[in-house]
Each structure stands twice: as structure tokens, then as C-alpha cells.
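What follows is each chain in one-letter form.
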Amino acid sequence: MSRSHEATIPPARGFSSSSGGGLKTSTPASLELLYAAAAASDPFEGIASAMSFTKHLLMHNCDVWTPDWYNPTQDPQLGTTIMAVEYDGGVVLAADSRTSTGTYVANRVSDKITAVAPPYIYCARSGSAADTQMLADTVRRYVTALALETQRPATVRTAAALFRELIYQNKSRLTAGVICAGWDPLNGGQVYSITLGGTLVRQPFSIGGSGSTYIYGYCDASYRKGMNREACIAFCQQAASLAMARDGSSGGVLRMVCIEESGAQRLLFTEDQLPRGWQG
Amino acid sequence: MAGVGSGYDLTTTTFSPEGRVYQVEYATKAVEQSGTVIGIRCVDGVVLAVENLRGVKLLRPDSLRRIFAVDRHIGIAVAGIGPDGRHMVGRARSEAQNYRSVYAEEIPPSLLAERLASYAHVYSLYWHVRPFGCTILIGGWDASQGPCLYVVEPDGSGYKYRAYANGKGRTAVRTALNKLNFEQLTCTSAVQEIARMIHQSRDIAKDKPYELEMAWISEASDHKFARVPGALVVSSRQAVEEEPQQMETGGSTASADRGETPSTSTHIMEES
């Protein structure tokens, strides 16, 4: 197996289905050449998933052209900005709306704020879209069953503990960062953050996802204790739009859910309704 | 024994033609022979009490308890066979801890009662096990509903009570319980009432000496399970023992009650 970056790329790698020499041959010699070609064209040479996909195409004599930005071996990720803020009597969750597969925006209006026990407990998801969808569904099932058994709505803490349990027990298999937030009569508005490793912490506000790394400083500097609902919404708008502007895998529209004793209310902000930072 | 169940009482898997399961009924008989057990839900908490009969004089005080802590906010009093009760308490403790570790909250007493009832019920279904010879009184503090009292019986049924009594002195005690005003009764006065009820249900000439074991989950104990302070128990007991015997509730009727009187359904049951 001699793979070299200097190997010439066969001209057949393109749209042509009528190629005479290139992709349709399957003799060992030409296959070897094709491996080399694939290695050269693959910027992630050595990464198993990317390689095996290319191999798969070649070995099954597929004459399929795929653009270099499209790689189905990469799972849809919620490269994300999510956040939640507690205020007196309620809680606000906010999330961008971009779902990406590599650099490809698979969905630009996705909803990353998912109901766990509507209308009082919601979660904001980051990480693998598949993992977090499954988690949210599972927790919703558990919480519903518990509410039926105890004849009272589950508390936010309980929902968060269930996320923690599932993430911690399966941490080697999951890529999931979740913010679970909501309102219950016992403790009012609450924000719980569950990390990749399965740590559960209650925080007055929490930020998560790839976009959050750009706004830690902003949030630390501008968060104030005792903000009311409107101030919390403005805080989320400002922080999330800053993250969406800088983070390549966050963007689209900004979705919010406000939860308080009277129920949950959804808010939507399109790009033109968001605060604009310095555009340089 | 011949003729009592006439062959229908050998296992719980056999119904009698009248639709009775004799083995389960015998288990309730084991409960009725135990020392009197009382539970009362008051306005500020719930009190559990046991007349702990002492047949052996060499036994040290406070050994062989019949009231157990299950979780910080729940306690169980056992009427009937002690070891059977302890097994139920062990199960209750693991249910409580399991709930805590999964849901990060204290188990609601209602749910614990439901689960223990289901557990007891299983032991009335198979030939290779016998039903529990105990009735357990679950006193607890519910985060949203306050103090509560549940009772799980050998057949696997569970009820929510304002007050409950079982054991040797049950009939006299149940009559006395019916006279209480539960809208105003506090834990401290319930302790005194219980001391009186147990004292008056006894036949001083015949009955073995007893230890009065009491625990509560009340506002005084910060909504946590706690033994009633020894001084309060002793003083309540002394107070009633020094009173002159009252003819209408104590004395002659009490000794008749402690016989084989069929259980009357005079428990004070709560709606729900």
C-alpha cells in the first residue's frame, strides 16, 4: 500500500459516467492507483471514516460524484449556540437554528429547543442531532410515566437528573450537551446544565454549544442578578447573536422559549431582528 | 384446624368456593395477635406508635424495635411478625434510595406505599411463597401535601388513613380514634392520646409488660423522621398510668376487646 500525495488524480473523478478508464475498472493495479488518488484528494487522509467512504464508492464501482463539502459519513451536528437564563418566576431558553453536516448547512431553521414536559420543562440540545433527539424523547417518556405514577408533574430537577443519568451511563457513546430548564411550583424557574461527561449543575444562566466559546466573556460581563423577563430576553438576543456572528456552525434564526407559571411562550427572531455587532 | 379451610387453605394459589384466599386471611390473623400499633396523621405531622410487648425480662430496653426509619422523611411501624416487617422495611429503603438516585428527589410516600403494596401482593400469588405476616404503617412527609399515613396489608392492598390501629388492642383503640378531632390534633397531644389509648386497651392482670415506642415526622422534627423524645413518652405514659381507671373505656370492655373479636371496619379512612 503505497499512498502518496504526488499521485496524479485520474480525470474520471467528476460527473462523467462514460469514463473509459477511471472509476469503473476494478483490477488490483488500478484499484491501488485509485486509493492513491483518493488519498490525495482527501484532506483528512488517515481519518478512517472519510477514507472508508471513498473506498466504498470505489470498491463498489460506484460512479457517483459527490461535492467535496458533502460527506454523509459525518453525522448531522448541532454546531450550536444554546443558552438559558433564570429570572424571578421563570426562565428563558434560546438557541440558534443551524444544523450542519460538516460545512454543509443541512437545516437553517431547525428547532433545538425541545419540550420535555410541556409546557413547563424544555431542553436546549447541542452535539449530535441524533443523540440529543433520542435523549430528549427518552427523558420525555420517563417524565411522563413518572407524572402518571406520582399524579403530579415532574420537577425540572428530576428531568435534569434523568438527562444526567442517561448521558453519564452512555458517555462513551454519546455526543450530547444539554441545557434543561423550566418552571415548577417548588423551586420556580431553574436552569440545569448537563455536560458531555454527565456533570449536572444548576446555574443562574448557562451557555452551551460551539458558539458559546465566543461569548463566555461577554456573558460574564453583562449578566446581572435579578433581571426580569424582558432583560433576560434582551441578554439572550445580544449574547446569542454575537455567537452566531462569530461561530461558523451557528446561525440562521434565533428561537426562544419563555417558561413561567402561566405556561410557555415561543419567540422567533429572524436575522434582521437581531442586534448587530461590529461587522469587521 | 381440620375443617377450617377444608383443603382450600394450603396455598395462596387456591381460592375457596366462596372466593376467599385463606392463607392471606391467616396472615392478617398474625397481625391481629401483635402488640397494638397506632398511626395518626395530625395537622403538623404524623405519629407512629407501637406497644412493644416484653415477654422476656432479660431483654434490654430498646432492643427489637418495631418502628424504623426508611428515608429522611419516611418511617415505618410494623404490626405482626417482626422479621417479615423488617424485610418490608429493607425493601422500602432500597425503593427510596433507588428513587432518589434516579430522580434526584425524595420518594413521595404515596408512591412508596404503592410500590410496597405491589411487592406484598406478589407474595399472595404463588404456591412457593407465603404472604407477609405483617401490616405496615408508613408515615411520611410529602413535599406538596404535608404529613400522610399509608397502610399496606398482607393481601397487597394499600390505603391512606387519617388514623389506623391494629394488633391486640385494636378494637378499643379504633373506638377511641373515632372520637378524635383530626382537624385540630397536634403531634404532641396525639402522643398523649396514644399513651392513653394503649394503656386503656390493656388488661393489667393478664397482659405482658410493654415498652412504648414512638416516632414522628412533624414540624417539631423539621419534617424528618425522629423518635419522639424519651421524656415526652415517659411523661405521657406516667400521666395516664396515674389516672384512676375509667369504667366506660378501660377495664372490662378492654379485656373483651383483646379476644378474638372480628375486625370491624372502623378505621378512619381518607378520601382518595
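Because the structure is predicted, anything quoted here is derived from the model rather than measured.

Some words on the packing of aromatic side chains
All names here are of chain B.
And then number 1: Evaluation of the coordinates by the stated rule reveals eleven aromatic pairs over all chains.
And then number 2: Each ring, one from Tyr159 and one from Tyr161, has its centre 6.1 Å from the other, and the planes form 65°; the classification is edge-to-face.
And then number 3: Taking the relative accessible area as the measure of exposure, Tyr159 reaches 33% and is therefore partly exposed.
And then number 4: Here Tyr161 falls in the buried class, since its relative accessible area comes to 1%.

Focus: the confidence of the model for chain B
Residues and elements named next belong to chain B.
And then number 1: On average, residues of chain B score 89 in pLDDT, and 88% of them reach the 70 mark or higher.
And then number 2: The low-confidence segment residues 259-267, where pLDDT is below 50, has 13 contacts with residues more than four positions distant or belonging to other chains.
And then number 3: For this predicted complex, the interface confidence reaches an ipTM of 0.78, while the overall pTM sits at 0.78.

A closer look at the nonpolar core
And then number 1: One finds Phe163(A), Ile76(B), Met88(B), Leu116(B), Ile136(B) and Ile138(B) to be the most contacted residues of the largest nonpolar core, which totals 48 residues.
And then number 2: Dropping the residues within four chain positions of it, Ile136(B) is found in contact with Ile76(B), Ala77(B), Val78(B), Met88(B), Leu116(B), Tyr150(B), Val151(B) and Val152(B).
And then number 3: Counting 27 residues, the second largest nonpolar core, distinct from the first, contains Phe182(B), Leu185(B), Leu212(B) and Val228(B).

Examining the pairing of strand S13 (residues 263-269) of chain A
All names here are of chain A.
And then number 1: Sheet topology note: the strand S12 (residues 254-260)/S13 ladder contains seven bridges and is antiparallel. Paired with Glu260 across the strands is Gly263, a residue of S13.
And then number 2: Count of turn residues in the S12/S13 antiparallel hairpin: two residues.

Some words on the environment of Thr188(B)
All names here are of chain B.
And then number 1: Tracing the backbone shows Thr188 in helix H5 (residues 187-200).
And then number 2: You can call Thr188 partly exposed: its relative accessible area is 38%.
And then number 3: Spatially, the C-alpha atoms of Thr188 and Asp44 are 9.4 Å apart, while their sequence positions differ by 144 residues.
And then number 4: Residues contacting Thr188, with those up to four places away along its chain left out, are Trp216 and Leu232.

Quick look at H5(B)
And then number 1: Helix length check: H5(B), at 14 residues, gives a terminal C-alpha distance of 20 Å against a target of 20 Å (1.5 Å per residue), a fit within 8%.
And then number 2: Along H5(B), the residues classified as buried are Cys187(B), Ala190(B), Val191(B), Ile194(B), Ala195(B), Met197(B), Ile198(B), His199(B) and Gln200(B).

Thoughts on the pattern of salt bridges
And then number 1: The tally for this structure, following the rule as stated, stands at 21 salt bridges over all chains.
And then number 2: Its salt-bridge partner being Asp142(B), residue Arg152(A) comes within 2.9 Å of it at the nearest N-O pair. With one member in each of two chains, Arg152(A) in the loop between helix H3 (129-150) and helix H4 (156-169) and Asp142(B) in strand S5 (residues 134-142) form a pair that bridges those chains.
And then number 3: On the basis of relative accessibility, which here comes to 1%, the residue Asp142(B) falls in the buried class.
And then number 4: Across the pair Glu183(B) and Arg162(B) runs a salt bridge whose closest N-O atoms are separated by 3.5 Å. With a gap of 21 residues between them, Glu183(B) in the loop between helix H4 (170-178) and H5 and Arg162(B) in strand S7 (residues 158-166) connect regions that are remote in the sequence.

About the thresholds
Residues numbered from 1 in each chain as written. Chains lettered and ligands numbered in written order. Predicted model: local features only at pLDDT ≥ 70, side-chain atom pairs only at ≥ 80, totals over all residues. Heavy atoms only, no water. Phe/Tyr/Trp six-rings, centres within 6.5 Å; stacked < 30°, edge-to-face > 60°. Buried < 20%, exposed > 50% of the residue type's maximum accessible area, 1.4 Å probe, protein only. pLDDT = per-residue confidence, 0-100. Contact = heavy atoms within 4.5 Å. Core = buried A, V, L, I, M, F, W, Y, C linked by side-chain atoms within 4.5 Å. Pairing = 2+ DSSP bridges. Helix = DSSP H or I, 4+ residues; strand = E, 2+ residues; numbered from the N terminus. Expected span 1.5 Å × (residues − 1). Salt bridge = Lys/Arg side-chain N within 4 Å of Asp/Glu carboxyl O.

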